[in-house]
Amino acid sequence: GTGESERAGNRERPGAEGCLHFNMNFSELFKQSNQLCRLSPDGRHSAVCVQYRLVIRDVRTLQVLHLYTCLDQIQYVEWSADSLFLLCAMYKRGLVQVWSLEQPDWHCKIDEGSAGLVASRWSPDGRHILNTTEFHLRITVWSLCTKSVSYIKYPKACQHGMDFTKDGCYMALAERRDCKDYISIFVCSELQLLRHFETETQDLAGIEFSPNGCVLAVWDSCLEYKVLLYSLDGRLLSTYSAYEWSLGVKSVAWSPSSQFLAIGSYDEKVRILSHVTWRKIVELEHLPTIKDSKSVIYKEVESRPDIGSGVLSLPPLITGASSLFSTESKYEICQPPVQVPIVKPDPDRANPKLGVGMIAFSPDNRFMATRNDNMPNTVWIWDVQKLKQYVVLEQISAVRSFQWDPRRTRLAICTGSTKVYLWSPAGCLSVQVPSEGTFQVLSLHWHPSGDSLMLMSKDQMCVCYLETADEK
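Residues numbered from 1 in each chain as written. Predicted model: local features only at pLDDT ≥ 70, side-chain atom pairs only at ≥ 80, totals over all residues. Heavy atoms only, no water.

(A) Representation of the sheet that holds strand β8 (residues 76-79). One open sheet accounts for four strands, arranged β8-β9-β10-β11; its pairing is antiparallel. The open sheet is flanked by β8 and β11 (107-111), the only strands paired with a single partner. The sheet shows a mean angle of 15 degrees between the axes of neighbouring strands, taken without regard to direction. Sheet topology note: the strand β9 (residues 85-90)/strand β10 (residues 95-100) ladder contains six bridges and is antiparallel. What sits directly across from Leu87, in β10, is Val98. (Pairing = 2+ DSSP bridges. Helix = DSSP H or I, 4+ residues; strand = E, 2+ residues; numbered from the N terminus. Axes fitted to C-alpha atoms, helices over the stretch in contact; angles between N-to-C directions.)

(B) Representation of empty space enclosed by the protein within the structure. The final tally for this structure, using the stated rule, is two cavities of 30 Å³ or more. In this structure, the largest cavity spans a volume of roughly 60 Å³. As for the largest cavity, its lining consists of Leu39, Ser46, Val59, Leu62, His447, Ser452, Leu453, Met454 and Val463. The dominant element in the lining of the largest cavity, judged by the number of residues it contributes, is strand β41 (residues 452-456), at three residues. When the residues that make up the lining of the largest cavity are grouped by side-chain class, the tally is six nonpolar, three polar and no charged. (1 Å grid on protein atoms, 1.4 Å probe; cavity = no way out; pocket = protein on both sides within 12 Å on 5 of 7 lines; lining within 4 Å. Points joined across faces, edges and corners; volume = space filled by probe spheres on them. Nonpolar A, V, L, I, M, F, W, Y, C, P; charged D, E, K, R; others polar.)

(C) Examining the packing of aromatic side chains more closely. Applying the stated rule across the entire model yields 15 aromatic pairs. With 4.9 Å between their ring centres and 20 degrees between their planes, Tyr68 and Trp99 make a pair best called stacked. On the criterion of sequence distance, the pair formed by Tyr68 in strand β7 (residues 64-69) and Trp99 in strand β10 is long-range, its members being 31 residues apart. Given the relative accessible area of 4%, Tyr68 is considered buried. Overall, Trp99 belongs to the buried group, its relative accessible area being 7%. When the ring of Trp254 is compared with that of Trp278, the centres are 5.8 Å apart and the planes differ by 85 degrees; the resulting orientation is edge-to-face. Taken together, the positions of Trp254 in strand β24 (residues 249-254) and Trp278 in the loop between β26 (269-274) and β27 (280-285) put the pair 24 residues apart, joining distant regions of the chain. The residues Trp254 and Trp278 share a single accessibility class, namely buried. (Phe/Tyr/Trp six-rings, centres within 6.5 Å; stacked < 30°, edge-to-face > 60°. Buried < 20%, exposed > 50% of the residue type's maximum accessible area, 1.4 Å probe, protein only.)

(D) The pairing of strand β32 (residues 356-361), seen in detail. Buried residues dominate β32, accounting for five of its six residues. In this sheet, strand β33 (residues 367-372) lies alongside β32 in antiparallel orientation, the contact comprising five bridges. Following the sheet pairing, Val356 is matched in β33 by Asn372. Taking the residues between adjacent antiparallel strands as the criterion, β32 and β33 are bridged by five residues, where Asn365 takes a positive phi near 70 degrees.

(E) Molecular detail of the environment of Gln385. Its place among the elements puts Gln385 in the loop between β34 (378-383) and β35 (388-394). Judged by relative accessible area, which is 57%, Gln385 ranks as exposed. Setting aside its immediate chain neighbours within four residues, Gln385 contacts Asn365 and Arg366. (Contact = heavy atoms within 4.5 Å.)

(F) Highlighting the confidence of the model for the protein. Predicted confidence across the protein gives a mean pLDDT of 91, with 90% of residues reaching 70 or more. The low-confidence segment residues 10-18 (pLDDT under 50) makes 37 contacts with residues lying over four places distant or belonging to another chain. (pLDDT = per-residue confidence, 0-100.)

(G) Spatial organisation of the layout of surface pockets. Of the voids in this model, the second largest pocket is the one considered here, and its volume is about 510 Å³. Taken together, 16 residues form the lining of the second largest pocket, with Gln159, His160, Ala205, Trp219 and Lys250 sitting closest to its centre. For the lining of the second largest pocket, the elements supplying multiple residues, two or more each, are β20 (204-209), β21 (215-220) and β24. Per-element accounting of the lining of the second largest pocket gives the leading share, four residues, to β24. Considering only residue class, the lining of the second largest pocket consists of eight nonpolar, five polar and three charged.

(H) Region of the structure containing the sheet that holds strand β17 (residues 170-177). Here we have four strands laid out as an open sheet, ordered β16-β17-β18-β19, and antiparallel in their pairing. With partners counted over all chains shown, the strands left at the sheet margins are β16 (162-164) and β19 (192-198), one partner each. Strand-to-strand twist in this sheet, taken as the mean axis angle between neighbours without regard to direction, amounts to 20 degrees. Inspection of the sheet shows strand β18 (residues 180-187) paired to β19 by six bridges, in the antiparallel sense. Counted as the bridge partner of Phe186 is Leu193 from β19.

(I) Structural context of the pattern of salt bridges. As enumerated under the stated definition, the model contains 17 salt bridges in all. Lys269 serves as the salt-bridge partner of Glu283, at 3.3 Å between the closest nitrogen and oxygen. Of this pair, Glu283 sits in strand β27 while Lys269 sits in strand β26; the two residues are 14 residues apart in sequence, bridging distant segments of the chain. If you follow the salt bridges from partner to partner, you end up with Asp267, Lys269, Arg271, Lys280 and Glu283 in one network. (Salt bridge = Lys/Arg side-chain N within 4 Å of Asp/Glu carboxyl O.)

Right, dumping it as structure tokens:
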């Protein structure tokens, strides 16, 4: 089916330089569970979990190539870096099953037994699996080639406690022992300890290598605003703290060039550090009123199809009655000043919906997209070169996720509605996903080529193919 799209663009103002032209086609819907749909790193296959089954399809034809049956409902799935193997974790059972694309009859089962299992992932070589046992007592490293097992003790129980350099050479692991935080740097090939050092954190919350693998960013829990930058040999390069006695860091993102580190915090600001001095070069605010006359603000507005006019373009056959009369939407350009819709966070609940919770740089380093969680309907796009606001998109519903096209400067957004939204410097558009029922887009993934998007609802998925008529 082909989605109906509404576009907005305007040549006269920066950030709205014309119109987007896409031909968008949609596949039929397929079943999935827990949004466990993953594209292989080489872009040739998709893996979709349907309860305890793993379905492998050809990305181009969507034909089923392999169907694997696991021992229980799959809770996590991940491709190996070389796209040859798939890992399926069943945390409830303490089990991991591994499947081979080249040899469908080969399989591997890893049982952690009474130690339990809370996380499982591939090492960058695609031949070792790292399992974190219950209570974060240890990480078990299983080798698929030699069937050997080794252990790493004291991994820290935090959300971003392990990271690899982009080239797959080094692994950093956050550890907690004797009420102190440590980091161990390993050489991945032999899992050999290279450096082990204590960090100047109260309660380390996350670590992330810069894309060039030269610097490791370490940040403290939200109770203390502190970001530390370490070299691979454990030297502390810099410490950054914006303020004290208030909730601190909420999100961290490196620019693809490794030149900038963006830090989102509970005070509703993004601060960008430069790699030259590791000092703040700009502080970007998410203001409740946008007053700047040069600001470009796109607002999504509902537009019901005008059935009385006699010019009703019939949707494709795949579209059923329920979506035939559903609300369409389009973007309108608003003139400042504009009030940004705000949701007041509940002060009595943990993890308040407050502050900058999502940051993503475009692959060409030109733009940065953010969401301030107490302004959930709004996506802010910033010009990285000029370090200032470029465009603001105000959606009808709260933004669930957004992701940059890996090849072109365009951002895909979903809000849990029946539409997918695209922005590029040429403008933005709203596209209805054609389906017989209501397909509410909860998450999305770009294909590595940027030519298609995998869209997921609660229990279905489809592929949206984009053919760009006139690329900028």
